Amino acid sequence: MASPGHSDLGEVAPEIKASERRTAVAIADLEWREMEGDDCEFRYGDGTNEAQDNDFPTVERSRLQEMLSLLGLEMYQVQKLSLQDSLQISFDSMKNWAPQVPKDLPWNFLRKLQALNADARNTTMVLDVLPDARHVEKESQMEEEIIYWDPADDLAADIYSFSELPTPDTPVNPLDLLCALLISSDSFLQQEIVLKMALCQFALPLVLPDSENHYHTFLLWAMRGIVRTWWSQPPRGVGSFREDSVVLSRAPAFAFVRMDVSSNSKSQLLNAVLSPGHRQWDCFWHRDLNLGTNAREISDGLVEISWFFPSGREDLDIFPEPVTFLNLRGDIGSHWLQFKLLTEISSAVFILTDNISKKEYKLLYSMKESTTKYYFILSPYRGKRNTNLRFLNKLIPVLKIDHSHVLVKVSSTDSDSFVKRIRAIVGNVLRAPCRRVSVEDMAHAARKLGLKVDEDCEECQKAKDRMERITRKIKDSDAYRRDELRLQGDPWRKAAQVEKEFCQLQWAVDPPEKHRAELRRRLLELRMQQNSHDPSSGVQEFISGISSPSLSEKQYFLRWMEWGLARVAQPRLRQPPETLLTLRPKHGGATDLGELLWPEPLGVEHFLREMGQFYEAESCLVEAGRLPAGQRRFAHFPGLASELLLTGLPLELIDGSTLSMPVRWVTGLLKELHVRLERRSRLVVLSALGVPGTGKSTLLNTMFGLRFATGKSCSPRGAFMQLITVAEGFSQDLGCDHILVIDSGGLIGGALTSAGDRFELEASLATLLMGLSNVTVISLAETKDIPAAILHAFLRLEKTGHMPNYQFVYQNLHDVSVPGPRPRDKRQLLDPPGDLSRAAAQMEKQSDGFRALAGLAFCDPEKQHIWHIPGLWHGAPPMAAVSLAYSEAIFELKRCLLENIRNGLSNQNKNIQQLIELVRRL
């Protein structure tokens, strides 16, 4: 047995060949089959033997293929469904539609899951066709035919076996739908599905069964992106919150399985154990839920995983530390390989059964060498009491258990008392030395048993190796930036400041030519200094990673980089940005806008920023005639970045270190994007502005399935953009081919400080982002005034005549259950402005700065849109799920935004060339 905090699973070879895998499967199965008295025939753990390997899977294969065909997913078995496919804007994005045929089910599930809808699994079809006399007559005729079939007839047996498959009028079990969708999805869509399920507090698929190929998959890669925060209380000392990946953190695991038949529901019992108080959350899908009684066709053998995480509140914390719970769907006798895995990774296994027969006894007898604790949960009224007792007495010395390991659960048993008893058993195991495993440790055990691990594909491993070659050199993030990302240091800050001054001179009435020439000279010197450097080894490795001809390897690499860099982030980043959002005055008293506003975590954007600076410096010298165009080395960099934008990576629009836009880099990127999109280059630009902590990034991610960074303490400061594709069949109706979404990050501070330079900078950036936009979402915290920088931007844009369609969104409202305008809040915007509004108007030198906001073009009462979004969480984190009211309100906001775009209320849509020109002008 492993000591606490350590895994005893050891290392294994990274990959197992098919023949070796089948042999490993057989070893797990051979022993108990021989004890059962089978012939000396070599059998595999999936039930096949070598002689019948080509023939046996026919029925199962047909069952899986029938399910895929029923759901319209058979076309995705070669070319898998991708994440980008699932995020396209289509007609269905604008309506809250109900599926009418089985082929609607996967898409409806994906839409709801993307929106973090807690009802995503509860998807039923709405049939339009009512039964008429002909239908009734046909059904009656079919019933008569079934009655007179000869059970001995082979054809009748085949028909009988398929008669239970779902028909277009039969709902599909949600677990079958999930398995079919995962089998049809590529690795990145699988990862997105699992991540969204985790946010909804659904149990997650850990082992995905494949009844056709008998090649079950352990979903390690799919869980890589899940990060959880929980309260950690050491035996001695002060407790604190800890954040870690669920793949890497170790915890005791408890498995719940069924042997033969059980009248007690494992999933209901698990849900009760995991739910604090009287509020039960259906983490595991069970028989009493809608569609829960529908027969599972392809999901037997599925292993699900969920966790309990403490919050630091005594009234909510069932256990003092994180605990893993595992649930095997189906009978252990039919899924011996999965059961074997659970016994190797679990501290204790709970076996629910009504009967213990000779076959089940021999199966459990084969586990005599296991160090895992076993507990039986029986229902004696359904089973054979004397037979059960006889076999239990034989198993007690074999499994090293006693009578306290046998629990009786009958209908008259008090449910609360029984749940407390299960929790007490788990608590006792936790207090004793027990095995603690991470999901990575579980994957090692799965490999030993011959299961396929999704992360073991060649492209994923090559990308991981490349990431490790970069990150192993990062001992200190600040030192790495200084030594390896050299172009982002002092030269870039100075160059950005010179370019700002040069830009301001263009608007002067009579700028002195001498000063202009001096600024030009200083800029060229700084750019020449930057251009004298070569990319460091880490940057070159990064460039090689995103230059891979394999799209999958490129995407794997970027995900590995995100996680690898997150592991080397400094602990100080856990501080809330409010305590760090300050400007350090220089010795002379002036504010240095180049100083860090808060410590910035090292991320992928820093490597792309370095590429952008190499391109900027080189382009500047070419424009000035200091470098021949034929000697350019970095002209292909914007093309690499545009490909990343097309694959769904958010790219930096405004540099977070200098709070300025690298215009040559951004315009070069957009030009390359225009070339790649060819005729589909009509754009609508949607931006979200607001102070940090108002939930704007989470709002965008929930609305469109985007990947903007969230969290006060770890979000980068720059503004980021991400591209969403509009389906070709809908682009003509919507009036655009793509939507470019811009998240303002932490650019807007929200308070009018005494640092005038800081306020001017915020206002300029807000003006830039809103000036680029067709639609702007202003995210506000309840009871907070509109940030002065945003008011300042509105006043500036009013002069230009360009006003985006706007939506004011108040978030984190605890007293609002439904979205929509409220009259008293609308009056607040129409009333005379407060101090911040007055100050903003005075800084713009507007004589009528004290007028009511209703007089501004953007606050036309007839066009005003004010939204109240309920709180994000239902319950207390970390065990809280996303609120259904939040999800529904976000969907309604999304529908309204798309409707405004379609109706032309978002001003004139742009093509990419027009956007490039607008970037230059602004």
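See the structure printed just above.
Calculation criteria
- Residues numbered from 1 in each chain as written.
- Predicted model: local features only at pLDDT ≥ 70, side-chain atom pairs only at ≥ 80, totals over all residues.
- Heavy atoms only, no water.
- Buried < 20%, exposed > 50% of the residue type's maximum accessible area, 1.4 Å probe, protein only.
- Helix = DSSP H or I, 4+ residues; strand = E, 2+ residues; numbered from the N terminus.
- Right-handed = clockwise from strand over helix to strand, strands pointing away.
- Salt bridge = Lys/Arg side-chain N within 4 Å of Asp/Glu carboxyl O.
- Core = buried A, V, L, I, M, F, W, Y, C linked by side-chain atoms within 4.5 Å.
- Domains from an automatic or database assignment.
- Contact = heavy atoms within 4.5 Å.
- Pairing = 2+ DSSP bridges.
- Phe/Tyr/Trp six-rings, centres within 6.5 Å; stacked < 30°, edge-to-face > 60°.
- Expected span 1.5 Å × (residues − 1).
- Polar contact = N/O pair within 3.5 Å; in protein donor to acceptor, adjacent residues only side chain to side chain.

Caption draft 1: Expanded view of the pairing of strand 9 (residues 373–378). Burial of strand 9 is extensive: 5 of the 6 residues sit out of reach of the surface. At this point the chain moves from strand 8 (residues 348–353), through helix 11 (residues 358–365), to the parallel strand 9, and the crossover so formed is right-handed.

Caption draft 2: View of the pattern of salt bridges. Counted according to the given criterion, the structure contains 40 salt bridges. For Arg447, the salt bridge goes to Asp456, with nearest N and O atoms at 2.7 Å. Classification of Arg447 by relative accessible area gives buried; the value is 10%. Residue classification places Asp456 among the buried positions, given a relative accessible area of 14%. With its nearest N and O atoms 2.7 Å apart, the salt bridge here joins Glu652 to Arg609. On the criterion of sequence distance, the pair formed by Glu652 in strand 12 (residues 651–654) and Arg609 in helix 21 (residues 604–623) is long-range, its members being 43 residues apart. Taking the relative accessible area as the measure of exposure, Glu652 reaches 13% and is therefore buried. Classification of Arg609 by relative accessible area gives buried; the value is 4%. Each of Glu499, Arg527, Glu616, Glu623 and Arg664 takes part in salt bridges that share partners, so that together they form one network.

Caption draft 3: Representation of the nonpolar core. In this structure, Phe218, Phe339 and Phe376 are the most contacted members of the largest nonpolar core, which totals 155 residues. Two domains share this core, each providing at least three of its residues, namely domain 1 (62–127 + 170–202) and domain 2 (203–456). Setting aside residues no more than four positions away along its own chain, Phe376 makes contact with Met259, Ile351, Ile356, Leu364, Leu392, Leu395, Leu399, Ile401, His405, Val406 and Leu407. Within the second largest apolar cluster, 86 residues are counted, among which are Leu645, Leu659, Leu768 and Leu769.

Caption draft 4: Looking closely at the sheet that holds strand 6 (residues 303–308). Spatially, the 9 strands line up as an open sheet ordered 10-9-8-5-7-6-1-2-11, and their pairing is mixed. Strands at the two margins of the open sheet, each flanked by one partner only, are strand 10 (406–408) and strand 11 (452–453). Pairing of strand 1 (residues 204–208) with strand 2 (residues 217–218), which is carried by 2 bridges, proceeds in the antiparallel orientation. Paired with Leu208 across the bridge in strand 2 is Thr217.

Caption draft 5: A look at unusual backbone geometry. Going from Pro877 to Pro878, the amide bond is cis rather than trans, its omega being 10°. Tracing the backbone shows Pro878 in the loop between strand 19 (873–874) and strand 20 (881–882). At Leu659, a residue that is not glycine, the phi angle is positive and equals roughly 55°. Tracing the backbone through its elements, the reader meets Leu659 in the loop between strand 12 and helix 23 (663–677). Residue classification places Leu659 among the buried positions, given a relative accessible area of 4%. Its identity as a non-glycine residue notwithstanding, Glu678 has a phi of 55°, on the positive side. The topology assignment puts Glu678 in the loop between helix 23 and strand 13 (682–690). Taking relative accessible area as the criterion, Glu678 reaches 60% and is therefore assigned exposed.

Caption draft 6: Expanded view of the packing of aromatic side chains. Using the criterion set out here, one finds 27 aromatic pairs in the structure. On the numbers, 5.1 Å between centres and 80° between planes, the contact of Trp231 with Phe241 is edge-to-face. With Trp231 in strand 3 (residues 227–232) and Phe241 in strand 4 (residues 240–245), this pair connects stretches of sequence that are 10 residues apart. The exposure class of Trp231 is partly exposed, given its relative accessible area of 24%. Between Trp560 and Trp563 the ring centres are 5.7 Å apart and the planes differ by 85°, which places this aromatic pair in the edge-to-face class. With Trp560 and Trp563 both in helix 20 (residues 551–567) and 3 residues apart, the pair spans about one turn of that helix. Accessibility classification places Trp560 together with Trp563 in one group, the buried group. A network of ring pairs unites the aromatic residues Phe254, Phe256, Phe308, Phe319, Phe325, Phe350 and Tyr375 as a single cluster.

Caption draft 7: Here's a closer look at helix 30 (residues 884–902). With 19 residues, helix 30 should cover 27 Å at 1.5 Å per step; its first-to-last C-alpha distance of 27 Å lies within 8% of that length. Taken as a whole, helix 30 has its buried residues at Tyr886, Ser887, Ala889, Ile890, Leu893, Lys894, Cys896, Leu897, Leu898, Asn900 and Ile901. The backbone nitrogen of Ala885 lies 3.1 Å from a side-chain oxygen of the residue at the head of helix 30, namely Ser883. Taken from the residues just after helix 30, Gly904 is the one with a positive phi, measuring 75°.

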